[in-house]
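# Fold and geometry: a report
Here is how the chains run, residue by residue.
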Protein chains: 2
Amino acid sequence: MAIISVQEADNPSSRIARFGPEKPLQMDAGPLLAPFSIAYQTYGELNADRSNAILVCHALTGDQHVASAHPLTQKPGWWSAMVGPGRPIDTDRFFVICSNVIGGCMGSTGPASTNPETGSPWGLDLPVVTVRDMVRAQAMLIDHLGIETLFCVAGGSMGGMQVLQWVASYPDRVFSALPIATAPKHSAQNIAFHEVGRQAVMADPDWRGGRYAQFGVRPTKGLAVARMAAHITYLSEGALQRKFGRKLQDRVAPTFSFDADFQIENYLRYQGSSFVDRFDANSYLYVTRACDYFDLAADYGGSLARAFVGAATRFCVVSFTSDWLYPTSDARLIVHALNAATLPVSFVEIETDKGHDAFLLDEPDFIATTRGFLESAAIARGIVQPSKAAAAK
Amino acid sequence: MAIISVQEADNPSSRIARFGPEKPLQMDAGPLLAPFSIAYQTYGELNADRSNAILVCHALTGDQHVASAHPLTQKPGWWSAMVGPGRPIDTDRFFVICSNVIGGCMGSTGPASTNPETGSPWGLDLPVVTVRDMVRAQAMLIDHLGIETLFCVAGGSMGGMQVLQWVASYPDRVFSALPIATAPKHSAQNIAFHEVGRQAVMADPDWRGGRYAQFGVRPTKGLAVARMAAHITYLSEGALQRKFGRKLQDRVAPTFSFDADFQIENYLRYQGSSFVDRFDANSYLYVTRACDYFDLAADYGGSLARAFVGAATRFCVVSFTSDWLYPTSDARLIVHALNAATLPVSFVEIETDKGHDAFLLDEPDFIATTRGFLESAAIARGIVQPSKAAAAK
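It should be emphasised that the depicted structure is a prediction, and the values quoted were computed from it without experimental measurement.

## A word on the domain arrangement of chain A
Residues and elements named next belong to chain A.
- For chain A, the assigned domains read domain 1 (2-186 + 297-392) and domain 2 (192-286).
- One C-alpha centre belongs to domain 1, the other to domain 2, and the line joining them spans 26 Å.
- On the domain 2 side, the residues contacting the 28 residues of domain 1 number 19 residues.
- Looking at the side of domain 1 that touches domain 2 residue by residue, the class counts come to 13 nonpolar, 12 polar and 3 charged.

Okay, here's the thing in structure tokens:
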């Protein structure tokens with residue numbers, strides 16, 4: 001599995017845009033990154049006036065395989081409920097782009113990618129990546145695809161941060177924006193959970209200062225613990241109680257041992273161990289760090305509203321009642337800032353007990369909200385079916 | 001530090017009651033434990049009719065040093081705000097007993113204690129301990145001290161579980177009970193966080209299947225990660241935001257690195273690293289497991305009320321508004337059961353943003369609540385000042 005993962009990092013099972021020395025990526029940390037690559041998937045067809053492109057931004061450990069099988073796990077795309085023919089992000093109608101973030105491990109340049117100067121993986125020699133860097137790289141990809149204005153930028157969690165950053169960085173290039181279950185900055189508690197995860201990775205002796213690939217090992221135990229801790233924050237207390245409660249795993253009485261007596265223990269262990277098969281430990285450090293550094297208002301003199309001034313993007317902000325990672329209060333900060341910047345905004349708080357991960361699930365109210373928002377935005381944008389898709393019908 | 005810790009496990013800096021083969025401890029897991037020891041501290045004087053004894057039960061990683069300096073850290077006792085001369089648990093008036101739990105590492109028999117059969121630490125050969133085992137051992141200590149009825153049993157968190165168990169197991173021996181920031185059973189989320197901690201410990205190669213002492217090593221990195229994760233659950237999101245927010249640690253700008261840029265990171269790392277100096281990793285497995293197994297109603301056919309039937313104990317149940325580890329809804333379960341069992345109960349929810357750890361802090365409303373409850377209970381019990389303390393005044 002380690003070998004496969006390295007292959008994905010350099011030669012992904014998806015399209016890839018390679019930017020040479022003449023097109024470096026300016027990073028917030030200072031350096032210019034060149035060469036660098038962005039791995040991406042597209043679905044649907046770009047229409048004649050190039051007005052129907054939707055950029056989907058993935059969350060922390062997501063990837064470009066938004067609506068097609070993951071090359072390592074063979075599982076359906078992570079947002080299959082939302083993206084596809086006839087889905088709210090309708091690939092019969094829209095041209096959907098999803099790229100792996102810079103710092104990721106599925107083909108865009110990240111710590112698992114080969115550093116051309118050394119021939120070894122970048123490891124911690126890769127400059128620390130920010131959400132703004134991710135978005136800057138995506139903008140270069142959009143240029144590369146010959147698209148001037150995106151019809152919509154959509155994403156949940158860290159993907160939502162990218163949505164906000166897109167409008168702030170490129171106000172003229174985003175017609176509509178759908179930030180979901182996200183925050184304009186990382187809170188102390190958010191940072192704290194990420195720091196626990198990083199320390200778990202770094203505490204694993206197989207991490208070897210980030211140079212594990214050179215030693216032919218992987219800090220799988222530390223990374224699994226990191227994922228377990230994070231996973232708790234993706235679910236609500238209520239959902240855990242409903243789903244698992246104190247139910248025992250394949251036994252009728254406690255064993256008085258440290259085995260996984262409880263179903264919740266078994267579930268968490270599975271989450272940890274399956275995660276390490278598809279994700280790179282250093283990449284986990286980079287993407288968590290990018291979130292921690294995210295504080296959009298700070299880049300605009302402390303005023304979040306100022307980040308949006310000059311944009312005309314129409315927004316739909318979505319939160320979930322039981323999301324305690326990025327609770328509705330975070331969404332309200334975004335909405336207030338958009339109001340202050342006089343941007344058109346709808347705000348929908350979805351009632352659900354499924355916690356933060358609700359944005360990845362088939363939540364009827366959420367699906368309907370997205371469909372309605374994109375429908376009305378498409379009318380406003382005057383989007384017609386791409387000729388090819390229309391002909392096929 | 002490892003050596004000191006082993007000394008505390010066998011020869012604590014406190015009183016110790018040693019129970020020989022003729023007085024084994026019946027454990028829920030099945031075995032009889034003999035010999036075994038209970039390390040304890042006392043404060044104040046037992047009055048002539050032995051009616052003024054308060055048993056304080058400590059939380060997960062607490063110990064018997066409730067109101068005097070910790071022998072390893074030299075820090076003041078963990079409940080100095082509550083216990084001492086003139087404090088609500090007034091040592092001028094009450095005889096206060098606090099014992100280290102079975103499974104602990106400060107002198108009561110636990111995995112760090114020497115197994116007399118092997119001459120090595122028990123490690124995982126010690127049967128898994130339950131909250132009922134802890135209480136059964138405490139009852140033997142109370143017998144040993146010649147006390148028939150406790151004036152009060154008080155404790156927060158896992159200490160509160162022991163309070164509930166005391167009344168259930170020994171309804172005639174508890175005049176009043178003060179369970180604080182606790183729950184009648186561990187929820188799926190509670191178990192999940194504990195499991196993350198245990199997996200962090202066990203992932204540390206220095207854990208060595210629990211036999212680290214024999215190898216002269218300690219799984220400090222894993223234990224520190226476990227503590228960091230747990231510590232987040234002891235604080236509220238609001239308190240973290242107020243105390244730390246996104247403040248940087250000794251720097252004016254982010255370093256774009258994995259250093260502890262943020263104060264919250266520095267704080268958490270400190271919590272992790274200082275914890276390992278005073279606590280045994282295997283003991284952490286045992287005490288977390290005891291909490292996970294706690295489900296008082298399950299021992300009474302699923303009826304929590306039935307656990308309290310036959311008792312006449314007067315209760316004061318305390319919760320804190322911002323405690324998300326054992327929220328007020330857990331306290332309500334206790335109160336409803338006590339009501340159903342027709343026991344006298346006061347219920348106080350304290351308004352605070354300090355989270356679960358509020359019970360350890362100098363919270364004025366909480367201090368006043370405890371003082372008032374013990375005051376009226378002392379009158380009902382007809383407690384007079386112990387002669388010696390009265391003469392000293």
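## A closer look at the sheet that holds strand S9 (residues 150-156) of chain B
All names here are of chain B.
- The 8 strands are arranged S1-S4-S8-S5-S9-S10-S11-S12 in an open sheet whose pairing can be described as mixed. Of all strands in the sheet, those with a lone pairing partner are strand S1 (15-19) and strand S12 (345-350), marking the two edges. For this sheet, the mean inter-axis angle between neighbouring strands, taken without regard to orientation, is 20°.
- The sheet contact formed by strand S4 (residues 36-43) and strand S8 (residues 95-99) spans 4 bridges and is antiparallel. Bridge assignment links Thr42 to a residue of S8, and that residue is Ile97.
- Running over the sheet, helix H3 (residues 158-169) touches strand S5 (53-57), S9 and strand S10 (174-180) and is turned about 150° from S10.

## Observations regarding the packing of helix H4 (residues 188-203) of chain B against helix H9 (residues 281-293) of chain B
All names here are of chain B.
- It is the contact of H4 with H9, at a shortest axis distance of 10 Å, that shows an interaxial angle of 160°. As far as their axial angle goes, H9 and H4 are roughly antiparallel. Between H4 and H9 lies a crossing whose hand is left-handed. Mapping the contact onto sequence places Ile191, His194, Gly197, Arg198 and Val201 in H4 and Ala281, Tyr284, Leu285, Thr288, Cys291 and Asp292 in H9.
- Its residues assigned to classes, the contact of H4 with H9 comprises 6 nonpolar, 3 polar and 2 charged.

## Some details on the interface of chain A and chain B
- Tallying the contact residues gives 43 residues for chain A and 43 residues for chain B.
- For the side of chain A that touches chain B, the secondary structure elements donating two or more residues are helix H4 (188-203), helix H6 (220-234), helix H7 (237-243), helix H8 (263-275) and helix H9 (281-293) of chain A.
- With 11 residues, the single largest contributor to the side of chain A that touches chain B is H4(A).
- Each residue belonging to the side of chain A that touches chain B can be placed in one class, and the counts come to 25 nonpolar, 7 polar and 11 charged.

## Looking at the sheet that holds strand S12 (residues 345-350) of chain A
All names here are of chain A.
- A sheet is described by the order of its strands in space; here 8 strands give the open sequence S1-S4-S8-S5-S9-S10-S11-S12, paired in mixed fashion. Strands with a single pairing partner mark the edges of an open sheet, and in this sheet they are strand S1 (15-19) and S12. Strand-to-strand twist in this sheet, taken as the mean axis angle between neighbours without regard to direction, amounts to 20°.
- The sheet contact formed by strand S5 (residues 53-57) and strand S8 (residues 95-99) spans 4 bridges and is parallel. By the bridge assignment, Ile54 is partnered in S8 with Val96.
- This element, helix H3 (residues 158-169), spans S5, strand S9 (150-156) and strand S10 (174-180) of the sheet and lies at about 150° to S10.

## Examining the relation of the copies chain A and chain B
- Expressed as a screw operation, the relation of chain A to chain B combines 0.0 Å of axial shift with a rotation of 180°, fitting to an RMSD of 0.0 Å. Here the symmetry operator amounts to a two-fold rotation axis.
- Most of the interface of chain A is mirrored in chain B: 100% of its interface residues are interface residues there too.

## Some points on H9(B)
- Along its 13 residues, H9(B) runs 19 Å from first to last C-alpha, staying within 8% of the 18 Å computed at 1.5 Å per residue.
- In terms of burial, H9(B) is largely enclosed, as 13 of its 13 residues are buried.

## As for helix H2 (residues 131-144) of chain A
- An ideal rise of 1.5 Å per residue puts 20 Å on 14 residues; H2(A) measures up with 20 Å between its terminal C-alpha atoms.
- Those residues of H2(A) not exposed but buried are A:Val131, A:Arg132, A:Asp133, A:Met134, A:Val135, A:Ala137, A:Gln138, A:Leu141 and A:Ile142.

## A short note on the environment of A:Val196
- With respect to the helices and strands, A:Val196 occurs in helix H4.
- Given 29 C-beta atoms within 10 Å, A:Val196 falls into the buried group.
- Each C-alpha atom, one on A:Val196 and one on A:Val225, is 9.2 Å from the other, the two residues being 29 residues apart in sequence.
- If near-sequence neighbours (up to four positions away) are discounted, A:Val196 is found in contact with A:Ala229, B:Val225, B:Met228, B:Ala229 and B:Ile232.

## Considerations on the packing of H4(A) against helix H8 (residues 263-275) of chain B
- Contact pair H4(A) / H8(B): the axes reach a minimum separation of 9 Å and the direction vectors enclose 50°. In terms of their interaxial angle, H4(A) and H8(B) are classed as oblique. For the crossing formed where H4(A) meets H8(B), the hand is right-handed. Contacts between H4(A) and H8(B) pair A:Ala188, A:Ile191, A:Ala192 and A:Glu195 from the former with B:Ile264, B:Glu265 and B:Leu268 from the latter.
- Of the residues that constitute the contact of H4(A) with H8(B), the class distribution is 5 nonpolar, no polar and 2 charged.

Calculation criteria
Starting from 1, residues in each chain are numbered consecutively following that chain's sequence as written. Starting at A for chains and at 1 for ligands, labels are handed out in the order in which the entities are written. Predicted model: local features are reported for residues with pLDDT of at least 70 only, side-chain atom pairs are reported and counted for 80 or more only, and whole-chain, interface and lining totals are derived from all residues. Delimitation of the domains relies on an automatic or database domain assignment. Our contact criterion uses C-beta atoms placed from the backbone: two residues qualify when those atoms are within 7 Å. Here the term charged refers only to Asp, Glu, Lys and Arg, the term nonpolar to Ala, Val, Leu, Ile, Met, Phe, Trp, Tyr, Cys and Pro, and the term polar to all other amino acids, Gly among them. The rule for pairing is simple: two strands pair if DSSP sees at least two bridges between them. A run of DSSP states H or I qualifies as a helix once it reaches four residues; a run of E qualifies as a strand once it reaches two. Both are numbered from the N-terminal end. In this analysis an axis means a line fitted to C-alpha atoms, helices contributing only their contacting stretch, and an angle means the value between N-to-C directions, from 0 to 180 degrees. Here the word oblique covers every angle except those under 35 degrees (roughly parallel), over 145 (roughly antiparallel) and from 65 to 115 (roughly perpendicular). For any helix crossing, the convention is left-handed if the near helix is rotated counterclockwise from the far helix by under a right angle, and right-handed if that rotation is clockwise. Copies are brought into register by a least-squares superposition over C-alpha atoms of residues with pLDDT of at least 70 in both. The length a helix should cover is 1.5 Å for every residue beyond the first. Note on burial: count the other C-beta atoms lying within 10 Å of the residue's C-beta; 20 or more is buried, 12 or fewer is exposed, in between is partly exposed, and C-beta positions come from the backbone.

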